[in-house]
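The lines below spell out each chain.
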Amino acid sequence: MRTKKLTACGLLTAVALALSYLENFFPLALAIPIPGIKLGLANIVTVFALYAMGAGPAFLVLAARCLLGAVFAGNMNALLFSLLGGFSAMLVMTALSRLRGLSLYGVSIGGAAAHSCGQIAAALLTLGSTAPMYYLPVLLAVSLFTGSLTGLVSACLFRGLVHVDLWKG
Amino acid sequence: MKRLILYLLYMLLLTACAAPAPAQEETPEVAQLIAMDTLMTFTAYGEDAKAVVQQAAEAMRTAEAMFSRTLPESEVSRLNAQGSGKAGPELQRLLEAASHYWRETGGAFDITVAPVASAWGFTTDSFQVPDAEELESLKELVDGSGVTVDGPAGTVSLKAGQSIDLGGIAKGYASDLAAQMFASASIQRGKAELGGNILAWGVRPDGNPWRVGIVDPARPEAGDAFVGIVELEDSAAITSGGYQRFFEANGQRYHHIIDPAAGWPADSGLTSVTVVARMDGGGERLNGTMCDAYSTALFIMGEEKALDFWRSHQTQTEYEDAFDLVLVTEDGRVIVTEGLSDRFHPIEDSGYEYETAS
Amino acid sequence: MNMKRRPKLRPAAWDGAVVGLVLALAVGCGVLLRGNGGSGEMAVVSINGEEVDRFSLAESAGKREYLANGYVLVVAVSSEGVRVAEAGCPTQDCVHTGVISRSGQSIVCLPGRFILRLAGGTERGNGPDVDAVIG
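First, a word on scope: everything that follows refers to the structure included in this document. Worth saying up front: this structure is predicted, and the values here are computed from it rather than measured.

### Some remarks on the overall build of chain A
Part 1 of the argument: Helix and strand content of chain A: seven helices and zero strands.
Part 2 of the argument: The order of helices and strands in chain A, counted from the N terminus, is α-α-α-α-α-α-α.
Part 3 of the argument: The buried share of chain A, taken over its 169 residues, is 55%.
Part 4 of the argument: Considering only contacts within chain A whose residues lie at least 6 apart along the sequence, 72% involve residues at least 24 apart.
Part 5 of the argument: Counting only carbon and sulfur atoms, one obtains 73% of the accessible surface of chain A, whose full area is about 7400 Å².

This is the structure in C-alpha cells:
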C-alpha cells in the first residue's frame, strides 16, 4: 500500500513535469510578455492527486514538480513562479474541494485563478516593478478557460477510472 | 475546518491585494526649476521624497543667489565689484576647491577667466570676436593664484581688476548639494538632472543602475543621438562640449570653453569630455564639483594630456576621489577609460570607433 | 475507484459562483488599474517656479496661451502630444524642442522661465532605454 502510493506520487510528478513542458508550446508569451508565466496545465495533476490521494500527497507531488521543473529548466527564477503559482492553486483548490456544492469545474477554475495571482505575485517580486499587475485581468480571464479545461480533463480521468481500484493488490 | 478555509481564502485575498501596494512607493516625486541658466529636475523615490526634492530646489535658488555673476546682489557679484570682502563658508569652500583644481590642472581650469569670457559675450549673449589688443590686456587678469581665501578671517580677495565666474563648477556643486540632501534624508533612489549634468542616486526602482545617454556632439539637437550609454549608481557625471554653447561669425564657429592660456575657445581635437565619479560620501567630498571642473579643464587639454591627467589622478586626495572619462574626438573616436569600460555601452550605428584607455 | 473524496464530475450551479467571482476579480482589477494607471498624461505648466496650469492631454486638444516674463508662448495640444507652437522669446529653443508626448519629458523656455512638463502615466524617461541625458 505504501509502495503503491509512493509509486503513484512518482508517476504523477512525471506526468506533471511533462505537462509543464507541454505548456511551453502555447504561445502565451505573445499576449503576456512576462517570462516564466504559464497556463497552469500541470494543475490537472494537482486536482487528481487532491481527490485521489488527499492534500498531503498532492502537496508532495507539487513540491517535487516545482523543484525538478526548475532544475530541468536550469532557471531558479522559474522556481518562484511555479512555487507561488502552484501553491496558491493548491491552497485554493484544497479549500474549494471541501465545499459540497462545487464540481471539479468550479474547483479547477478557482485553482487556475489562484495560479494566475500567484504567478503575478512572483513577477512583481522578481521584476521589482508593478508593470505585471496590468496583466492580471487578462490572465484571470484566461484562467476561466484553463480552469474549465483542467476540470474537463480531470472529470474525464475520474470517469474513466471509476471502475479501476488504484490501490488494490 | 471552517477556520482553515477562512484562513486559506484570506491568503488568496492577500496574494491578490498585496500587489498594488508597491505602486505608490514607485511614484517619484519631482521638482523642477530654472536656476543657473538651466533647467534643473530633481526626482526622488520613497518616504520623504516630496520634502527632499522641494528642499533641493530651494537650495538651488539659495546657491544661485550666492554664486550668480549676473545677479548684482550675490556674494560673487560683490566680490567682483569690490575685489575683496566677507564670504560665507560655502563660497569660501568653493573658492578653495576652485584654487585646488586650478593648481591640479596647471591652469586649464580657471575661474578668473571671466573677463575674457565676457569679452566674447558669453555672459551677456551679445556674442563677438574681441580684438587682439583687448584680449591681450584682459589675459593679464587671468591668474588663478590671485584668488585668496582667508578662512579664519572669513574673507576672500582677488587681485586688482580680476573677476570670477563660477559657471564652470556651480552645477557640479549643485549636484553635491543634492547628494547631501538625498543622503541626510536617507533617500534610497533618485536623480538630479542639472542642465545636462547628472547625479544618479542609488539605483532605478527596478534595481538596475540608472542608464544615462551621453549626447553625440555631432548631433546634439537630435535628442536621442548618443555616443554611448553609461550605467551609473551613486555617481555624478558631467559633460563639457563645445557644441553646448557657441556662436558663428565670419563663417567660423566659436564655442564657450575658453582656454585661459590663449584667451580663445579651446581647439584641442576633442568635441566632448564626460567625467564620472562615485558619490558614496553623499556629496561631502565635492566629487560633483570636481567632475564639473575637470570636464572643462580636460576639454581644454586635449586627448593625450587628459588621459595622462586621468592616469596621475587615481588616488584619493583631500579634494578628489578616482574618476573616469569618456572622451569624444573630432576624428570620430570615443575613448573610455578602463574603470568605466564595463559600465559603458557603445551605440552600434553611431559611426564612432570605440577605444579603451588604460 | 476508491478515493479520499468523491468529486462531482458534472458542472454544478455553484460553479457559476466561482466563475462570477473570478470575473469580478478580473474586472475589478482592470478598473482599479485603469483608474490609477496612466490613462493619459497631464501637462503641468510652471512659470517662475510656480504652477500656473495643469491639463490632461487627452481632453485638451487646441491652443493655449501663456504670458511668461513678458514673452507670449502658444502651446498646441494634439493627439500626438504637446508642443510650443509660437514663442516671443529670442532663443526659440522651446519651439525647436518639438512635440513631446511621454511622461517625464519637458519643454523649457529659459528667458521666460517657463516649464511645461508631462507627468502622470508611467515615467519612461527620455527614450526607450535611457533614464537621463548628459551633454
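### Concerning the sheet that holds strand β10 (residues 235–241) of chain B
Strand pairing in a sheet is mediated by backbone hydrogen bonds. Such pairs are either parallel or antiparallel.
Residues and elements named next belong to chain B.
Part 1 of the argument: Read across the sheet, nine strands follow the order β1-β2-β6-β7-β10-β13-β14-β15-β17 without closing on themselves; strand pairing throughout is mixed. The outermost strands of the open sheet, each flanked by one partner alone, are β1 (29–35) and β17 (353–357). Neighbour-to-neighbour, the strand axes of the sheet open up by a mean angle of 10 degrees, direction not taken into account.
Part 2 of the argument: Alignment of β1 against strand β2 (residues 38–45), held across seven bridges, turns out to be antiparallel. The residue bridging E29 from the neighbouring strand is A44, located in β2.
Part 3 of the argument: In the packing of helix α9 (residues 287–301) onto the sheet, the strands contacted are β7 (197–201), β10, β13 (270–278) and β14 (323–329), and the crossing angle to β13 comes to about 160 degrees.

### Remarks on a nonpolar patch on the surface
All names here are of chain A.
Part 1 of the argument: There is a patch of nonpolar side chains on the surface, built from Y21, L22, F25 and F26 and spanning about 470 Å² of accessible area.
Part 2 of the argument: For F26, the location among the structural elements is in the loop between α1 (2–23) and α2 (28–31).
Part 3 of the argument: The class of F26 is partly exposed, set by a relative accessible area of 40%.

### As for the interface of chain C and chain A
Part 1 of the argument: Every contact between the two is made by 24 residues of chain C and, on the other side, 38 residues of chain A.
Part 2 of the argument: Each partner contributes to the roughly 2600 Å² buried at the junction of chain C and chain A, and carbon and sulfur atoms together form 69% of this total.
Part 3 of the argument: In this assembly, chain C and chain A are joined by zero salt bridges.
Part 4 of the argument: Counting every contact that joins chain C to chain A gives four residue pairs in polar contact (both at pLDDT 80 or more).
Part 5 of the argument: A class-by-class count of the residues in the side of chain C that touches chain A yields 15 nonpolar, three polar and six charged.

### Structural notes on unusual backbone geometry
All names here are of chain B.
Part 1 of the argument: Positive phi values are uncommon outside glycine, yet M36 reaches one of about 50 degrees.
Part 2 of the argument: Residue M36 is classed as buried on the basis of its relative accessible area, which comes to 15%.
Part 3 of the argument: Although it is not a glycine, S186 sits at a positive phi angle of roughly 55 degrees.
Part 4 of the argument: Relative to the helices and strands, S186 is located in the loop between α8 (167–184) and β6 (189–194).

### Some details on the environment of B:V113
All names here are of chain B.
Part 1 of the argument: Inspection of the secondary structure puts V113 in the loop between α5 (89–104) and α6 (114–119).
Part 2 of the argument: By relative accessible area, which is 14% here, V113 ends up buried.
Part 3 of the argument: The sequence separation of V113 and A261 amounts to 148 residues, and the corresponding C-alpha distance is 9.3 Å.
Part 4 of the argument: With near-sequence residues (within four places) excluded, V113 lies in contact with V142, I258 and P260.

### Comments concerning the sheet that holds strand β5 (residues 155–157) of chain B
All names here are of chain B.
Part 1 of the argument: In spatial order, the strands read β3-β5-β4; together these three strands make up an open sheet with antiparallel pairing. With one partner strand each, in any of the chains shown, β3 (84–86) and β4 (148–150) form the two edges of the open sheet. Here the average twist between neighbouring strands, direction ignored, is 15 degrees.
Part 2 of the argument: One ladder, built from three bridges, connects β3 with β5; its direction is antiparallel. Bridged to K86 within β5 is T155.
Part 3 of the argument: Helix α4 (residues 75–82) contacts β3 and β5 of the sheet and is inclined by roughly 140 degrees relative to β3.
Part 4 of the argument: Across the sheet, α5 is in contact with β4 and β5; its angle to β4 comes to roughly 140 degrees.

### A look at the pattern of salt bridges
Part 1 of the argument: By the definition in use, this model includes 17 salt bridges over all chains.
Part 2 of the argument: A salt bridge links B:E355 to B:R333; the shortest N-O distance between them is 3.4 Å. Remark: B:R333 occurs in strand β15 (residues 333–337) and B:E355 occurs in strand β17; sequence separation between them is 22 residues.
Part 3 of the argument: A salt bridge links C:R54 to C:E51; the nearest nitrogen and oxygen atoms lie 2.8 Å apart.
Part 4 of the argument: Within the structure, one salt-bridge network assembled from shared partners comprises B:E303, B:D331, B:R333 and B:E355.

### What to know about the packing of aromatic side chains
Each pair of aromatic rings is reported with the distance of its centres and the angle of its planes.
Part 1 of the argument: Considering all chains together, one arrives at 21 aromatic pairs over all chains under this definition.
Part 2 of the argument: Aromatic side chains A:F59 and A:F87 sit 5.1 Å apart centroid to centroid with 65 degrees between the ring planes, which places their arrangement in the edge-to-face category. Taken together, the positions of A:F59 in helix α4 (residues 55–73) and A:F87 in helix α5 (residues 76–97) put the pair 28 residues apart, joining distant regions of the chain.
Part 3 of the argument: Judged by its relative accessible area of 18%, A:F87 falls in the buried class.
Part 4 of the argument: These aromatic residues form a ring-pair network of at least three members: B:W120, B:F122, B:F127, B:F247, B:Y254 and B:W264.
Part 5 of the argument: A cation sits over an aromatic face here: B:R253 above B:F246, 3.7 Å from the ring centre.

### Here's the deal with the nonpolar core
A general feature of soluble globular proteins is that nonpolar side chains tend to end up buried together.
Part 1 of the argument: In terms of nonpolar packing, the biggest core is built from 77 residues, with B:F42, B:F67, B:L95, B:I164, B:L166, B:Y294 and B:F323 touching the most fellow members.
Part 2 of the argument: No other element matches the ten residues that helix α3 (residues 49–67) of chain B contributes to this core.
Part 3 of the argument: Among the nonpolar cores identified, the runner-up in size contains 56 residues, and A:A49, A:A70, A:F81 and A:L140 belong to it.

### Here's the deal with α8(B)
Residue pairs spaced three or four apart in an α-helix point in one direction, given the helix's 3.6 residues per turn.
All names here are of chain B.
Part 1 of the argument: Compared with an ideal rise of 1.5 Å per residue, which puts 18 residues at 26 Å, α8 spans 26 Å between its outermost C-alpha atoms and is within 8% of the ideal.
Part 2 of the argument: When we look at burial in α8, the residues that qualify are I169, A170, G172, Y173, A174, S175, D176, L177, A178, A179, M181 and F182.
Part 3 of the argument: S186 occupies a position one or two residues after α8 and carries a positive phi of about 55 degrees.

### Brief notes about the pairing of strand β7 (residues 114–119) of chain C
Residues and elements named next belong to chain C.
Part 1 of the argument: Of all six residues that make up β7, six are buried, and the element is covered over most of its length.
Part 2 of the argument: With burial as the criterion, each face of β7 is covered, one bearing F114, L116 and L118 and the other bearing I115, R117 and A119.
Part 3 of the argument: Pairing analysis gives four bridges linking strand β6 (residues 106–109) to β7, with the strands arranged antiparallel. When the bridges of β7 are listed, S106 appears paired with R117.
Part 4 of the argument: What sits between β6 and β7 in their antiparallel hairpin is a turn of four residues, with R113 showing a positive phi close to 45 degrees.

Cut-offs and rules
- Residues numbered from 1 in each chain as written.
- Chains lettered and ligands numbered in written order.
- Predicted model: local features only at pLDDT ≥ 70, side-chain atom pairs only at ≥ 80, totals over all residues.
- Heavy atoms only, no water.
- Helix = DSSP H or I, 4+ residues; strand = E, 2+ residues; numbered from the N terminus.
- Buried < 20%, exposed > 50% of the residue type's maximum accessible area, 1.4 Å probe, protein only.
- Contact = heavy atoms within 4.5 Å.
- Areas by Shrake-Rupley, 256 points an atom, 1.4 Å probe, with all protein chains shown as cover.
- Pairing = 2+ DSSP bridges.
- Axes fitted to C-alpha atoms, helices over the stretch in contact; angles between N-to-C directions.
- Patch = residues over 30% accessible without salt bridge, like charges linked within 9 Å, V, L, I, M, F, W, Y side chains within 5 Å.
- Salt bridge = Lys/Arg side-chain N within 4 Å of Asp/Glu carboxyl O.
- Buried area = accessible area lost by both parts, 1.4 Å probe.
- Polar contact = N/O pair within 3.5 Å; in protein donor to acceptor, adjacent residues only side chain to side chain.
- Nonpolar A, V, L, I, M, F, W, Y, C, P; charged D, E, K, R; others polar.
- Phe/Tyr/Trp six-rings, centres within 6.5 Å; stacked < 30°, edge-to-face > 60°.
- Lys NZ or Arg CZ within 6 Å of the ring centre and 35° of its normal.
- Core = buried A, V, L, I, M, F, W, Y, C linked by side-chain atoms within 4.5 Å.
- Expected span 1.5 Å × (residues − 1).

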